[in-house]
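Report on the structure
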Amino acid sequence: MKKQILIIISILFCGNALIAQINPSLDFSKPRKYEVTEVVAEGLEYLDEGAVVSITGIRKGDRIDIPGDDISFAIKKMWRQGLFADITIKYEIVEEGKIKLILELVELPRLTQYSFEGIKKSKQTELSDELSLVKGRILTDASVKNAELNIIKYFKGKGFLNVEVTSRQKPDDVVSNGVELIFKIEKNNKIKIQDLYFVGNEAFGDRRLKSKLKNTNEKLRFTIFEDVISRAINSKPKHWFQFFTQQDSVSLNRALDYLGEHVNVNFFKSSKLVKEDFEEDKVSLIQFYNSKGYRDAEITYDSIFKVGKNIAVEIGVYEGQKYYFRDINFTGNFTYNDEVLKTVLNIDKGDVYNLEKINRKLNYDPTGNDISSIYMDNGYLFFNVTPVEVNVEQDSIDLELRIYEGAQATINKVTISGNTRTNDHVVLRELRTIPGEKFSREKLIRTQRELSQLGYFNPETVSPSPVPNPSDGTVDINWDLEEISNDQIQLSGGWGGYIGFVGSLGVTFNNFSINNFFDFKNWDPLPVGDGQILSLQFQANGRQFQSYNFSFTEPWLGGKKPNALTIGGSYSYQGDFEDWRNPRLGIAGSFKIFRGFVSLARRLKWPDNYFTLANSLEYSRYTLNNSRRFGGQLGCTDCESNNFNFKTTIARNSVDNPIYPRSGSNISLSISLTPPYSLLTNRDYDNLTFEQSINFLEYNKWMFDASFFNKVVGDLVINTRANFGIITSYGDEVGVGPFERFILGGSGLAGGQGFILGSDIIALRGYEDNSLRPIESVRSVEKGDVTTRQISGGTIYNKFVMELRYPISLNPSATIYVLGFGEAGNTWTSFDDYNPYDLKRSAGVGARIFMPAFGTIGIDWGYGFDNAPGRNQPSGGQIHFTIGNQIR
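Read on for an overview of the structure.

The rules behind these values
Residues numbered from 1 in each chain as written. Predicted model: local features only at pLDDT ≥ 70, side-chain atom pairs only at ≥ 80, totals over all residues. Heavy atoms only, no water. Helix = DSSP H or I, 4+ residues; strand = E, 2+ residues; numbered from the N terminus. Polar contact = N/O pair within 3.5 Å; in protein donor to acceptor, adjacent residues only side chain to side chain. Axes fitted to C-alpha atoms, helices over the stretch in contact; angles between N-to-C directions. Parallel < 35°, antiparallel > 145°, perpendicular 65-115°, else oblique. Left-handed = near helix turned anticlockwise from the far one by under 90°. Contact = heavy atoms within 4.5 Å. Nonpolar A, V, L, I, M, F, W, Y, C, P; charged D, E, K, R; others polar. Pairing = 2+ DSSP bridges. Disulfide = S-S within 2.5 Å. Buried < 20%, exposed > 50% of the residue type's maximum accessible area, 1.4 Å probe, protein only. Expected span 1.5 Å × (residues − 1). Arc of directions from axis to C-beta. Salt bridge = Lys/Arg side-chain N within 4 Å of Asp/Glu carboxyl O. Patch = residues over 30% accessible without salt bridge, like charges linked within 9 Å, V, L, I, M, F, W, Y side chains within 5 Å. Areas by Shrake-Rupley, 256 points an atom, 1.4 Å probe, with all protein chains shown as cover. Lys, Arg positive; Asp, Glu negative; His and termini not counted. Charge placed at Lys NZ, Arg CZ, Asp CG, Glu CD. Phe/Tyr/Trp six-rings, centres within 6.5 Å; stacked < 30°, edge-to-face > 60°. Lys NZ or Arg CZ within 6 Å of the ring centre and 35° of its normal.

In this section: unusual backbone geometry. Following Trp606, the chain continues to Pro607 via a peptide bond in cis, the omega torsion being 0°. As for its position among the elements, Pro607 is in the loop between β24 (587-603) and β25 (611-625).

Given below as structure tokens:
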């Protein structure tokens, strides 16, 4: 029988010491080499045996010393993996000089689930996002400790400075070697800042300094009102002024003084103390002092001490002397002389010494009016400027601006990455950073805007990565893009007033490709990648109402210039019931509209390259057949009108982001002209019936729209809009006609009292849909007798809007923002009735959500302050739903 010797080595860690228990029967004073015949691992549940054995670095056939370093190194390697709770190695001598290694291992437990004790369920999901724990992975002491620290950090950020977190592990009854990790959280009381003091400040009062601490604020207190309020509740006087005694008056004055001191600090800010935010606030405080001329200002100390259950913060300030600019000189400038640079700098002798303004005017001003910009827009990528204080005398400072212009950089290579669906040529044709041209920061920023406006990429992450090559005076630019899906599908249903339930189905493919139509490998799910736009839409409620719409746009006709060709058409049909109260009697009349158009738009270089010019030809035919319902609105029940018109639009769009703009404007002026039939023919319009006079529509229609975006603070944006429209005839003989008029009110969708076909629907929140439409009487000749017809809708309208917007989420998959608005508008039938001060006013709040698959969906609540036509009281509160980004 083969003689076997079993040797067991157990490795235990205790501090930094490594302890080995070894079979004492072996003489380890005489190391000996053994040939390894086999290495096996036992006790594994999840890990692969081959992979574990390979970690040791010992393989079959290796000759190792026992005792020796080979085994020690193998054990250390295995511990470093962090996979095992215990490692035991057994030796089995197979025959003389040969040995088998047996690894007896205990794997670390795996996390099957984790839970929290001591907090509400509503907080557990939010807290889980802060942890890096992954179910199914090995649970180590380090991962548990990191999780505990992250929980503590999370709650300290919420103001719970005394939070305590412990954890325990519970074996899983179902999963072998699995454990449940349970965190016990004791938040304790939230610590708030009871008082905030400044010591050493003379130039600025506490109120001014507190306003500069954006994240560190006092707890707002109303305790000085308690006695007055208590007496008011208990006494129940007839009149409110009987509450107050002279003592109360003093208390209230103190209260008002306190509020006046804190009104701009505390109402919308938390009073919790977060270390990171506190450090940022201290930096902001010193920057404020520097911007006011106190260049030597510093914080000498800060102390935090307990006040009851809360804390007080004391900040010591050394203000130093206030300084002013004296002489400012430039050195190293050859391209631009001193006068040009001083004009850009816009700092005069005697101005308060302002470090923040110096850095802004030298390096980056949001307006683009800084010295760095004028150099970099001229190719000087390697430019830099260093301000040096060359002389400080009493309260005056002489400044020398040392400029290094460097060589003009030429763009070498331009690459793009991340466009997984969009073809390269679609991106490249939008670039203004062209290889071989001089580098320009202005063109870099403009290219960033153009790529953001495409709608194919996440506008929040479109960013260039310039890589300068000083050795040869060139720069490589890579555009890193994040593709997003912007195809949209509309599947909805709603109640269309008179016509009942209406179902809608629409699809818009914003990155379509006709060239790939027969190349099925480029379908996703339809052919994509060339930036073309295909839109199809269908609405119906059965046989009473149907609408079909189609359009196709090629943004780069011919592929060489940004000339956008659009063709489209639509057909709408609305039946008129014999008796709308009894639909079973069937349809007795109808109103049909057919429309087709072709448009060509191009970008302009003058007055600047934000301008576009679009021209279109359109034909529309309106047919009413025994339509008593629409006859009351359009002046005829049986008639047909043909509308041939030429439309030209000049627009300027400089908004920085198509989904949530923060700056820029969108302004457009359009003119629609029909042929002047009355001037070209000898028809006697005085003896024509109304139906004959509108057989060929003639009018000229002018529309002006302006929208401006300005950042207030952070992502808070104010949007102001103005919209005007007028439609007139060429002469007094022929009126405007019943179509293309303006109707205001509601969400701007053609709903409410039936679908208003052949009209311009203008939104005005706070009023019912289409409720603002004046009535005009027009002349008609019936069998030799002069009569009048009634037409609804205005020929002039004004509208003004102001919105304050704030984003809740800027995630490209779901961009959400809330808004508050005030707006006013109205419409009139003629200049004689026009009164720009007679506007219907409203105000309210709303929200918008943009999802790539559905576009922009909105809900608003508006309160109309004035009465609509035919009403004797204000419109009151109204809820509106919107689809898409409305211009008007």
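With that settled, consider the side chain of Thr827. Along the chain, Thr827 falls in strand β35 (residues 814-828). Here Ile796 takes part through its backbone oxygen, which lies 2.8 Å from a polar atom of the side chain of Thr827.

Another point: the packing of helix α3 (residues 121-128) against helix α4 (residues 141-157). Interaxial distance between α3 and α4 falls to 11 Å at its minimum, and their mutual angle equals 120°. Looking at the two axes, α3 sits oblique to α4. For the crossing formed where α3 meets α4, the hand is right-handed. Contacts between α3 and α4 pair Lys123, Glu126 and Leu127 from the former with Ile151, Tyr154 and Phe155 from the latter. Of the residues assigned to the contact of α3 with α4, the class counts are four nonpolar, no polar and two charged.

Turning our attention to the pairing of strand β37 (residues 855-864). Look at any regular strand and the pattern is simple: side chains alternate between the two faces of the sheet. As defined by bridge partners, strand β36 (residues 840-851) adjoins β37 across ten bridges and the pair is classed as antiparallel. Bridged to Phe850 within β37 is Thr856. Where β36 folds back on β37, the antiparallel hairpin that results is connected by three residues.

Looking now at the sheet that holds strand β7 (residues 110-117). Strand order in the open sheet formed by three strands is β7-β9-β8, and the pairing between neighbours is mixed. Edge positions in the open sheet fall to β7 and β8 (164-171), since each of these has one partner strand only. Adjacent strand axes in the sheet meet at a mean angle of 20°, parallel and antiparallel pairs treated alike. Sheet topology places β8 next to strand β9 (residues 178-186); eight bridges connect them, and they run antiparallel. Each residue of the ladder has a partner; that of Thr166, found in β9, is Lys184. Running at roughly 145° to β8, α4 makes contact with β7, β8 and β9 of the sheet.

In this section: the state of the cysteines. Under the definition given, this model contains one disulfide. Each sulfur of the disulfide joining Cys636 and Cys639 lies 2.0 Å from the other. An identical accessibility class is assigned to Cys636 and Cys639; each is buried.

Let us look at α4. An ideal rise of 1.5 Å per residue puts 24 Å on 17 residues; α4 measures up with 24 Å between its terminal C-alpha atoms. Along α4, the residues that are buried comprise Val144, Ala147, Glu148, Ile151, Tyr154 and Phe155. What you see down the axis of α4 is that its buried residues fit within an arc of 120°, all on one side. For α4, the exposed residues set more than 90 degrees away from the buried face come down to Asp141 and Lys153. Where the residues of α4 are buried, they touch β7, α3, β8 and β9. Gly159 sits one or two positions beyond α4 and adopts a positive phi of about 100°.

Following the sequence through the fold, Tyr817 ends up in strand β35. Relative accessible area serves as the criterion here: at 6%, Tyr817 is assigned to the buried category. Spatially, the C-alpha atom of Tyr817 lies 6.6 Å from that of Arg805, the residues being twelve residues apart in sequence. The contact partners of Tyr817, leaving out residues within four places of it in the chain, are Ile659, Tyr660, Arg805, Tyr806, Pro807, Ile808, Ala847 and Arg848.

A separate point is the pattern of salt bridges. Where charged atoms of side chains with opposite charge meet at close range, the side chains can pair. Applying the stated criterion to the full structure yields 36 salt bridges. Lys33 serves as the salt-bridge partner of Asp65, at 3.1 Å between the closest nitrogen and oxygen. Of this pair, Asp65 sits in strand β4 (residues 63-66) while Lys33 sits in strand β3 (residues 32-42), placing them 32 residues apart in sequence. Look at Asp65 and you get partly exposed, because its relative accessible area is 26%. What makes Lys33 partly exposed here is its relative accessible area of 42%. The partner of Glu776 in a salt bridge is Arg741, and the shortest N-O contact between them spans 2.8 Å. With Glu776 in strand β32 (residues 775-782) and Arg741 in the loop between β29 (716-728) and β30 (742-744), the pair connects residues that are 35 residues apart, well separated along the chain.

The interhelical angle for the contact between helix α1 (residues 49-56) and helix α2 (residues 69-80), taken along N-to-C directions, is 125°, at an axis separation of 7 Å. Looking at the two axes, α1 sits oblique to α2. Contacts from Val52, Ile55 and Thr56 in α1 reach Ala74, Lys77 and Met78 in α2. Considered class by class, the residues forming the contact of α1 with α2 number four nonpolar, one polar and one charged.

Bringing the sheet that holds strand β12 (residues 310-318) into the picture now. Ordered by their spatial adjacency, three strands build an open sheet running β10-β12-β11, and the pairing between neighbours is mixed. The outermost strands of the open sheet, each flanked by one partner alone, are β10 (193-199) and β11 (298-307). Neighbouring strand axes in the sheet, compared pairwise and without regard to direction, differ in orientation by 15° on average. Here six bridges tie β10 to β12, and the two strands are oriented parallel to one another. Within β12, the residue paired with Asp195 across the bridge is Ala312.

Let's shift gears to a negative patch on the surface. A cluster of acidic side chains, namely Asp684, Asp686, Asp732 and Glu733, defines a negative patch on the protein surface. Residue placement: Glu733 occurs in the loop between β29 and β30.

Here the structure, examined in full by the defined rule, presents 30 aromatic pairs. With centroids separated by 6.4 Å and ring planes inclined at 55°, the aromatic side chains of Phe594 and Tyr619 adopt a geometry described as tilted. Residue Phe594 is found in strand β24, and its partner Tyr619 is found in strand β25; the two are separated by 25 residues along the sequence. A ring pair is formed by Tyr619 and Phe644, whose centres lie 4.5 Å apart and whose planes are at 35°; its orientation type is tilted. Highlighted residues: Tyr619 in strand β25 and Phe644 in strand β26 (residues 639-653), separated in sequence by 25 residues. A relative accessible area of 39% means that Phe644 is categorised as partly exposed. Every member of this aromatic cluster is reached through a ring pair, and the members are Phe204, Phe288, Tyr289 and Tyr294. Over the aromatic face of Phe821 sits the side chain of Arg765, whose NZ or CZ is 3.8 Å from the ring centroid.

Glancing now at the environment of Tyr610. Along the polypeptide, Tyr610 turns up in the loop between β24 and β25. Tyr610 sits in the partly exposed class, given a relative accessible area of 22%. With 42 residues separating them along the chain, Tyr610 and Arg652 place their C-alpha atoms 5.4 Å apart. Residue contacts for Tyr610: discarding those within four places in its chain leaves Arg446, Arg449, Ala651, Arg652, Asn653 and Ser654.

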